[in-house]
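What follows is the residue order along each chain.
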Amino acid sequence: MPQWNKEAAFEGRIVMLGFGAVGRAVLPLLLRHLDIGPGQIEIISPSTKGIAAADELGVAHAPTRVDRDNYRDLLARRLRAGDFLVNLSVDVSSVALMTWCLGHDVLYVDACTEPWPGTYQDKSLPAAQRTNYALRERALALREPGRSQCTALITQGANPGLVSYLVKQALLELAGDGAVAPRSREGWAQLAQRLGVRTIHVAEQDTQMSRERKRPDEFVNTWSVGGFVSEGMQPAELGWGTHERHFPSDGARHASGCRAAIHLDRPGAATRVRSWTPLGGAYQGFLITHAESISIADHLTVGDVDKPDYRPTVHYAYRPCDDAVLSLHELEGRQWRMQQGQRQLREDIVCGRDELGVLLMGHARGAYWYGSQLTIEQARALCPFNSATTLQVAAPIMAGMAWAIRNPERGILEPDDLPFDEMLRIIRPYLGDVVGVYSDWTPLDDGCALFEVPKDRADPWQFLNFRIT
């Protein structure tokens, strides 16, 4: 048996809320890389689906649904100061859970910021209040400068999460041999400005598939169906760069907060953009809202937030697996009423990869993609209960927990606040092939286009050119 490196020793209890695809993916990594025993972990999930993985690893589980009325009592009966809450749930307020943890000195980590159920579909709420921008502002508002707080890591998955570390490594690659990593947030922003990075895509193409193809009235995905549909129904969001000169007609700015991002008056699942990855080539993806679109743009801002000297445009360009694309097309045709059947691909995946990276554009060499090319075969060989998609999420969660255990009093932190090199050292063995590739691709590459669409040919890196109308 291989001897896995123990990244941190932990004597407390770990409660994991939610045991979907990501929960099952994370569990073996925790037992592998944290100096803990199965008896220190308890899983709380509303469903027993997939619980055989916990039984196989000797981890206790309680089939319980967490809601507004019971979460305080549920946590109080299980967690004490110094313990760890791993929030991998859907439809449970991350801010509520984090507030409880901060008040009881319990360590905290999640992979995305979730509201209570119904928030995304609440027509009485303005679009701005249903955005990840608003969720991020509420989470960061829990910070208490000058006062010691236990460590709470928010949005510590693949994206958001891993991609923030990839951006920093990609900036150093662009800077060339001998480049020294900046020591401050301002230093990273100034480096991106000097390099001339104008646009950053989280560029992902998922080609995993099973033998059983999507059926009518069924939504199929390689990770949480509910989670994907929820974020797809949120307004499309993007960090808004200082080089942009065509503000979208359906775009809106935020009146408060970091001002680094805008949102569109349409769901991300109905907003398409052009992008590129090395293996998949040029593609059309969905501009699904993600917290990294806001946090990376915010952290790479130079100057005053109202009138910055520099900021790149940042957004997700997601091409999910073929059956998920068909599912989204059907969902939109149903006027966004969810299909009756829902299927998450796991053990039935027979081939494919998840090519996930960051595409930095507008610099002297055009475009540079840096990231993970992980196949289903590699993922299964690296860790049980994983697909290519889940392992790219699970490894950063494990790495973040190890860091939090070693640094238990650092307060609320985003991935952009963590040491990227230390995180990548732990995560990289689980990413398959990690490559950096330069490209001369631009969104103006229109092949044999037969119909004219609005474009700014004087500047290929305008959002106008990426967006498909």
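For the structure, see preceding data.
Numbering of residues begins from 1 in every chain and follows the order in which that chain's sequence is written. In keeping with the predicted nature of the model, local features appear solely for residues at pLDDT of at least 70, side-chain atom pairs appear and are counted solely at 80 or more, and the whole-chain, interface and lining totals rest on all residues. To obtain the side-chain values, all non-hydrogen atoms of the structure were included, while hydrogens and water were left out.

Engineer: I would appreciate a short explanation of the overall build of the protein in the present structure.
Structural biologist: Think of it this way: any DSSP run of H or I at least four residues long counts as a helix, any run of E at least two long counts as a strand, and we number them from the N terminus. For the protein, the count of helices and strands is 14 helices and 26 strands. Computed over its C-alpha atoms, the radius of gyration of the protein comes to 21 Å, within 12% of the 23 Å expected for a compact globule of 469 residues. Projected onto the principal axes, the alpha-carbon positions of the protein cover approximately 60 × 55 × 50 Å. Sequence separation of 24 or more characterises 74% of the internal contacts of the protein that already satisfy a separation of 6 or more. For accessible areas, the Shrake-Rupley method is used with a probe of radius 1.4 Å. Any residue's cover is judged against the shown protein chains and nothing else. Surface accessibility of the protein: about 18,900 Å² in total, with carbon and sulfur atoms responsible for 50%. Positive charges come from Lys and Arg, negative ones from Asp and Glu, while His and the chain ends are left out of the count. Taken as the charge centre is NZ of Lys, CZ of Arg, CG of Asp or CD of Glu, depending on the residue. A distance of 2 Å separates the average location of the 49 positive side-chain charges in the protein from that of its 57 negative side-chain charges. Atoms counted for the radius of gyration: C-alpha only. Globule rule: 2.2 Å times residue count to the power 0.38. Residue contacts are counted whenever heavy atoms from the two residues lie within 4.5 Å of one another.

Engineer: Would you mind going over the sheet that holds strand 8 (residues 152–153) with me for this structure?
Structural biologist: Strand pairing in a sheet takes place through backbone hydrogen bonds and is either antiparallel or parallel in direction. Taken together, 7 strands build an open sheet; the order of strands is 5-4-2-6-7-8-24 and the sheet is parallel. In this open sheet, the two strands that pair with only one neighbour each are strand 5 (60–63) and strand 24 (412–413). In the sheet, strand 2 (residues 14–17) pairs with strand 6 (residues 84–87) via 4 bridges, with the strands oriented parallel. The residue bridging Leu17 from the neighbouring strand is Asn87, located in strand 6. For helices, the fitted axis covers only the stretch in contact; all axes are lines through C-alpha atoms, and the angles between them, taken along N-to-C directions, range from 0 to 180 degrees. Across the face of the sheet, helix 12 (residues 388–406) comes into contact with strand 2, strand 6, strand 7 (107–110), strand 8 and strand 24 while running at roughly 155 degrees to strand 6. Strand pairing is defined by DSSP finding a minimum of two bridges between the two strands.

Engineer: Just checking my understanding: could you explain the nonpolar core for this structure?
Structural biologist: Buried Ala, Val, Leu, Ile, Met, Phe, Trp, Tyr and Cys residues that are joined via side-chain atoms within 4.5 Å together make up what is termed a nonpolar core. Only protein chains enter the calculation, and the probe is 1.4 Å; a residue is then buried if its accessible area is under 20% of its type maximum, exposed if over 50%, and partly exposed in between. Ile14, Met16, Leu34, Phe84 and Met401 are the most contacted members of the largest nonpolar core, which has 98 residues in total. Among the elements that take part in this core, helix 12 stands out by supplying 13 residues, more than any other. Counting residues in hydrophobic clusters, the runner-up holds 25 residues, among them Ile44, Trp116, Ala139 and Ile412.

Engineer: Mind showing me how you'd approach unusual backbone geometry here?
Structural biologist: Peptide bonds are, in most cases, trans, and in most cases residues other than glycine have a negative phi. The omega torsion of the bond from Asn159 to Pro160 falls at 5 degrees, within 30 degrees of zero and hence cis. Tracing the backbone through its elements, the reader meets Pro160 in the loop between strand 8 and helix 6 (162–175). The residue Asp91 is not glycine, and still its phi comes out positive at about 65 degrees. By the secondary structure assignment, Asp91 is in the loop between strand 6 and helix 4 (94–103). Residue Asp91 is classed as partly exposed on the basis of its relative accessible area, which comes to 34%.

Engineer: How do you make sense of the packing of aromatic side chains when you look at a structure like this?
Structural biologist: Within a pair of aromatic rings, the relevant descriptors are the distance that separates the centres and the angle that separates the planes. Only rings of Phe, Tyr and Trp enter the pairing, Trp through its six-membered ring, and a pair is recorded when the two centres are within 6.5 Å. The plane angle decides the type: under 30 degrees is stacked, over 60 is edge-to-face, the rest tilted. Summed over all chains, the structure comprises 14 aromatic pairs. Taken together, a centroid distance of 6.3 Å and an interplanar angle of 75 degrees make the contact between Phe10 and Phe84 edge-to-face. You can see Phe10 sitting in the loop between strand 1 (8–9) and strand 2 and its partner Phe84 sitting in strand 6, a full 74 residues away along the chain. Each of the two residues, Phe10 as well as Phe84, counts as buried. Geometrically, the ring pair formed by Phe228 and Tyr318 is edge-to-face, given 5.6 Å between the ring centres and 70 degrees between the ring planes. With Phe228 in helix 8 (residues 225–233) and Tyr318 in strand 19 (residues 313–319), this residue pair connects regions lying 90 residues apart in the sequence. Per residue, the accessibility class of Phe228 equals that of Tyr318, and both read buried. Each residue in the set Phe219, Trp223, Phe228, Tyr316 and Tyr318 is aromatic and connected to the rest through ring pairs, giving one cluster.

Engineer: What's the story with the pairing of strand 2 in this structure? I'm lost.
Structural biologist: Of the two faces of strand 2, the one carrying Ile14 and Met16 and the one carrying Val15 and Leu17 are both buried. Sheet topology places strand 2 next to strand 4 (residues 41–45); 4 bridges connect them, and they run parallel. Bridging across to strand 4, Val15 finds its partner in Glu42.

Engineer: Looking at this model, I keep getting lost on empty space enclosed by the protein. Mind explaining?
Structural biologist: Think of a ball as big as a water molecule: rolled over the atoms, this probe shows where empty space is left. Cavities and pockets are defined on a 1 Å grid built over the protein atoms alone: a cavity is a set of grid points where a 1.4 Å probe fits but cannot escape, while a pocket is an open set with protein on both sides within 12 Å along at least five of seven lines, and lining residues are those with an atom within 4 Å of any such point. Grid points are joined across faces, edges and corners, and a volume is the space filled by probe spheres set on the points. Counted under the stated rule, the structure contains 1 cavity of 30 Å³ or more. Looking at the largest cavity, its volume works out to about 40 Å³. Considering the residues around the largest cavity, the lining is formed by Thr113, Asn132, Arg136, Ile154, Thr155, Ala291 and Glu414. The residue makeup of the lining of the largest cavity, split by class, is 2 nonpolar, 3 polar and 2 charged. In this classification, Asp, Glu, Lys and Arg are treated as charged, Ala, Val, Leu, Ile, Met, Phe, Trp, Tyr, Cys and Pro as nonpolar, and every other residue, Gly included, as polar.

Engineer: What should I look at first to understand the side chain of His243 in this one?
Structural biologist: If you trace the backbone, His243 turns up in the loop between strand 12 (235–239) and strand 13 (251–253). When its relative accessible area of 14% is taken as the criterion, His243 is described as buried.

Engineer: In this structure, what is going on with the side chain of Arg130? I would like to understand it.
Structural biologist: Structurally, Arg130 is set in the loop between strand 7 and helix 5 (132–140). Any carboxyl oxygen of Asp or Glu that lies within 4 Å of a side-chain nitrogen of Lys or Arg is treated as forming a salt bridge with it. One buried charged residue, Arg130, remains without a salt bridge, the closest side chain of opposite sign being Asp265 at 6.1 Å. Two N or O atoms form a polar contact when they lie within 3.5 Å of each other; inside protein one atom must be a possible hydrogen donor and the other a possible acceptor, and for residues adjacent in sequence the pair counts only when both atoms belong to side chains. At 3.3 Å, the side chain of Arg130 forms a polar contact with the backbone oxygen of Leu125. Setting aside its immediate chain neighbours within four residues, Arg130 contacts Thr119, Tyr120, Asp122, Leu125, Gln234 and Pro235.

Engineer: What am I meant to see in the pattern of salt bridges here?
Structural biologist: Note that side chains of opposite charge can pair when their charged atoms are close. One pass over the structure, following the stated rule, counts 23 salt bridges. When the shortest N-O distance is used, the salt bridge between Arg13 and Glu42 registers 3.2 Å. With Arg13 in the loop between strand 1 and strand 2 and Glu42 in strand 4, this pair connects stretches of sequence that are 29 residues apart. A salt bridge links Glu347 to Arg346, with the nearest nitrogen and oxygen atoms 4.0 Å apart. Residues participating in the shared-partner salt-bridge network are Glu212, Arg215, Glu218, Arg343 and Asp348.

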